[in-house]
Amino acid sequence: MSTTAAKAPDDRDRTRPPGPAPRAGDGKDLGAPPRRRDRLSTQNLAGWLYSTPFLSLFLTFMACPVVATLVMSFTDFGLRNVTDPFSAEFVGLDNYTRLFEDEKFVRALLNTGLFVVLGVPLTVGCGLVAAVLLNSGIDRMRTFFRVGFYAPVVTAIVAVAVIWRFVLDPAEGLIAGLAGQLGLKSPDFLASETLALPSLVVMAVWRNMGTAMVLFLAGLQAIPTEVREAARIDGAGVLQEFRGITVPLLRPTMLYVAVMTTIGFLNVFEEPFVMTDGGPSDSTLTISLHMYRQGFDFFHMGYASAMAYVLFVIVLAVTLLQLRLLKDKTR
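Below is a short write-up of the structure.

## So, the overall build of the chain
Argument step 1. From N to C terminus, the chain includes 14 helices and zero strands.
Argument step 2. The order of α-helices and β-strands along the chain, N terminus first, is α-α-α-α-α-α-α-α-α-α-α-α-α-α.
Argument step 3. Going through the 331 residues of the chain one by one, you find that 33% of them count as buried.
Argument step 4. Long-range pairs, those at least 24 residues apart, make up 66% of the contacts in the chain with a sequence separation of at least 6.
Argument step 5. Summed over its atoms, the accessible surface of the chain is roughly 21,500 Å², and 66% of this surface lies on carbon and sulfur atoms.

## As for unusual backbone geometry
Excluding glycine, a negative phi dihedral is what most residues carry, and trans is how most peptide bonds are arranged.
Argument step 1. Between Gly 279 and the following residue, Pro 280, the backbone shows a cis peptide bond with an omega angle of -5°.
Argument step 2. As for its placement among the helices and strands, Pro 280 is situated in the loop between α12 (270-275) and α13 (287-297).
Argument step 3. With phi around 60°, Asp 282 is a residue other than glycine that occupies positive phi space.
Argument step 4. For Asp 282, the position within the fold is in the loop between α12 and α13.
Argument step 5. Here Asp 282 falls in the buried class, since its relative accessible area comes to 19%.

## What about the pattern of salt bridges?
Argument step 1. Scanning the model with the defined rule gives five salt bridges in all.
Argument step 2. Among the salt bridges present, the one from Glu 270 reaches Arg 207, with a minimum N-O distance of 3.0 Å. Of this pair, Glu 270 sits in helix α12 while Arg 207 sits in helix α8 (residues 196-221), and the two are 63 residues apart along the sequence.
Argument step 3. When its relative accessible area of 36% is taken as the criterion, Glu 270 is described as partly exposed.
Argument step 4. With a relative accessible area of 12%, Arg 207 lands in the buried category.
Argument step 5. Note that Arg 293 is salt-bridged to Asp 277, the shortest N-O span being 3.5 Å. Taken as a pair, Arg 293 in helix α13 and Asp 277 in the loop between α12 and α13 lie far apart in primary sequence, 16 residues in all.
Argument step 6. For Asp 277, a relative accessible area of 41% corresponds to the partly exposed category.

## Some points on a nonpolar patch on the surface
Argument step 1. On the surface, a cluster of nonpolar side chains totalling about 900 Å² of accessible area is made up of Trp 48, Phe 54, Leu 55, Leu 57, Phe 58, Leu 59, Phe 61 and Met 62.
Argument step 2. The topology assignment puts Phe 61 in helix α2 (residues 34-72).
Argument step 3. Using a relative accessible area of 58% as the deciding quantity, one classes Phe 61 as exposed.

## Some points on the environment of Gly 302
Argument step 1. Relative to the helices and strands, Gly 302 resides in helix α14 (residues 301-326).
Argument step 2. Separated by 214 residues in sequence, Gly 302 and Ala 88 have C-alpha atoms that sit 9.3 Å apart.
Argument step 3. Setting aside chain neighbours within four positions, we find Gly 302 in contact with Met 72, Ser 73, Thr 75, Phe 77 and Asn 95.

## Side note on the environment of Phe 216
Argument step 1. Along the chain, Phe 216 turns up in helix α8.
Argument step 2. The spacing of Phe 216 and Met 254 is 38 residues in sequence and 7.7 Å in space, taken between C-alpha atoms.
Argument step 3. Aside from chain neighbours lying at most four places away, what touches Phe 216 is Val 124, Gly 127, Leu 128, Ala 131, Leu 250, Thr 253, Met 254 and Val 257.

## Concerning the nonpolar core
Argument step 1. Counting residues in hydrophobic clusters, the biggest one holds 52 residues, and the most contacted among them are Phe 115 and Phe 216.
Argument step 2. For this core, the secondary-structure elements that each account for two or more residues are α3 (94-99), α4 (103-137), α6 (157-168), α8, α11 (251-266), α13 and α14.
Argument step 3. The dominant element in this core, judged by the number of residues it contributes, is α8, at twelve residues.

## Here we look at the packing of aromatic side chains
Argument step 1. If you walk through the whole model with that rule in mind, you get eleven aromatic pairs.
Argument step 2. Look at Phe 74 and Tyr 96: their rings are 5.6 Å apart centre to centre, the planes differ by 45°, and that puts the pair in the tilted class. Of this pair, Phe 74 sits in the loop between α2 and α3 while Tyr 96 is found in helix α3, placing the two residues 22 residues apart along the sequence.
Argument step 3. Ring geometry for Phe 144 against Phe 145: centres 5.6 Å apart, planes inclined by 75°, an arrangement best described as edge-to-face.
Argument step 4. Ring-pair connections join several aromatic residues into one group, and the members of that group are Phe 269, Phe 273, Tyr 292 and Phe 296.
Argument step 5. The residue whose ring lies beneath Arg 98 is Tyr 303, and the NZ or CZ to ring-centre distance is 4.2 Å.

## Considering α11
Argument step 1. Given a rise of 1.5 Å per residue, 16 residues ought to cover 22 Å, and the 22 Å separating the end C-alpha atoms of α11 matches this to within 8%.
Argument step 2. Among all positions in α11, only Thr 253, Met 254, Leu 255, Val 257, Ala 258, Val 259, Thr 261, Thr 262, Phe 265 and Leu 266 are buried.

## Concerning the side chain of Arg 293
Argument step 1. What makes Arg 293 buried here is its relative accessible area of 16%.
Argument step 2. Sequence-distant contacts of Arg 293, that is, excluding residues within four places in its chain, are made with Asp 277, Gly 278, Asp 282, Leu 285 and Phe 298.

## A word on the packing of α8 against α11
Argument step 1. α11 packs onto α8 with a crossing angle of 160° between their chain directions and a minimal axis gap of 10 Å. On the basis of their axis angle, the class for α8 and α11 is roughly antiparallel. The handedness of the crossing between α8 and α11 is right-handed. Contacts between α8 and α11 involve Ala 204, Val 205, Asn 208, Ala 212, Leu 215, Phe 216 and Gly 219 from the first element and Thr 253, Met 254, Tyr 256, Val 257 and Phe 265 from the second.
Argument step 2. Considered class by class, the residues forming the contact of α8 with α11 number nine nonpolar, three polar and no charged.

Thresholds, definitions, all that
- One numbering rule holds for all chains: residues counted from 1, following each sequence as written.
- Only residues with pLDDT of 70 or above have their local features reported here, since the model is predicted, and side-chain atom pairs are shown and tallied only from 80 upward, although totals for entire chains, interfaces and linings are computed over all residues.
- Where side-chain values are given, they derive from all heavy atoms of the structure, hydrogens and water being excluded.
- By the criteria applied, helices consist of DSSP H or I runs no shorter than four residues and strands consist of E runs no shorter than two, each listed in order from the N terminus.
- In this scheme, a residue with accessible area under 20% of its type's maximum is buried, one over 50% is exposed, and one in between is partly exposed, where area comes from a 1.4 Å probe on protein chains only.
- Pairs of residues are marked as contacts when any of their non-hydrogen atoms sit within 4.5 Å.
- Methods summary: accessible areas were calculated by the Shrake-Rupley approach with a probe of 1.4 Å, and residue burial reflects only the protein chains presented.
- The salt bridge criterion pairs a side-chain nitrogen of Lys or Arg with a carboxyl oxygen of Asp or Glu, the two atoms within 4 Å.
- What makes a patch is a set of residues exposed beyond 30% relative accessible area and free of salt bridges, joined within 9 Å when like-charged and within 5 Å when nonpolar (Val, Leu, Ile, Met, Phe, Trp, Tyr).
- Here, the term nonpolar core denotes a set of buried Ala, Val, Leu, Ile, Met, Phe, Trp, Tyr and Cys residues that are joined through side-chain atoms within 4.5 Å.
- Aromatic pairs are defined between Phe, Tyr and Trp rings, using the six-membered ring for Trp, whenever the two ring centres lie within 6.5 Å; interplanar angles under 30 degrees are classed as stacked, those over 60 as edge-to-face, and all others as tilted.
- The rule for a charge over a ring is simple: NZ of Lys or CZ of Arg within 6 Å of the ring centre, and within 35 degrees of the ring normal.
- What a helix should span is 1.5 Å times the count of its residues minus one.
- The angle between two axes is taken between their N-to-C directions and runs from 0 to 180 degrees, where each axis is a line fitted to C-alpha atoms and a helix contributes only its stretch in contact.
- Reported orientations rely on four angle classes, namely roughly parallel under 35 degrees, roughly antiparallel over 145, roughly perpendicular from 65 to 115, and oblique for the rest.
- Should the near helix be turned anticlockwise from the far one by less than a right angle, the crossing is termed left-handed; should it be turned clockwise, right-handed.
- Under the scheme applied, nonpolar residues are Ala, Val, Leu, Ile, Met, Phe, Trp, Tyr, Cys and Pro; charged residues are Asp, Glu, Lys and Arg; polar residues are all the others, including Gly.

Below is the structure:
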């Protein structure tokens with residue numbers, strides 16, 4: 001007769017399912033079942049394979065040029081280095097220090113800043129007004145007006161230049177004809193150092209307000225009708241409804257439109273390139289146009305690359321500042 005007392009069953013033994021105990025060091029029971037792990041691995045591999053064409057194009061035409069431009073900005077890369085890129089000499093930060101000693105760059109920086117200060121509020125404001133009118137103020141031919149406002153966005157810059165040259169022509173232009181009817185003489189907008197840049201700002205606003213209008217229309221249509229009806233029942237007028245309901249609920253859209261419009265105006269290139277070529281007397285010269293000239297007219301690629309990264313830092317700083325200032329208001 002055995003004198004050994006029967007061992008009391010442990011709680012873990014009670015909850016353990018019947019069957020052989022797992023062997024030490026066997027990791028197959030941990031995590032997902034083998035079939036599921038194999039299926040996930042196959043899906044991941046298939047995903048990477050499907051992404052390969054995009055990744056190849058991105059690395060070839062985006063990532064590699066960006067890195068190459070950064071490296072080039074620290075060299076004196078020029079026309080003589082095209083056949084042998086590695087013969088370019090390393091100059092450190094000389095290109096960056098030269099920028100702020102370059103009077104043309106400083107002038108281009110000021111012109112670009114003025115372009116943003118004038119153009120962004122006008123684009124956002126005109127886009128918002130057009131969206132509000134098309135959303136509730138215009139009942140007939142609403143689609144026609146929407147297409148009309150958005151048409152400049154998708155119109156080629158050459159066609160836009162032809163239209164605006166006709167409008168601004170001091171002899172036979174549209175404004176000159178209207179001024180002649182009033183007994184006035186139309187100024188030569190594009191040849192005036194004072195009026196050339198504001199004229200291009202108006203042209204850029206006309207081209208870009210359609211994008212802002214479409215985004216604001218989407219935001220307005222997302223506002224619940226119950227909120228508007230409740231405000232009207234409480235006796236709110238049109239301006240009170242706009243100020244107290246429409247604007248607060250549109251703040252996230254306003255932030256997005258303001259940020260994207262600012263980025264676009266900081267990179268403005270087409271309008272001065274086609275209409276004035278930076279003149280007269282560099283009054284419409286922008287950073288992008290100056291960078292294009294240095295890179296492709298004079299082939300100072302190292303200097304132009306440094307200019308590109310200074311512009312990138314400016315765009316990043318302005319964007320972060322806008323997000324910081326408007327973030328709390330959009331929550």
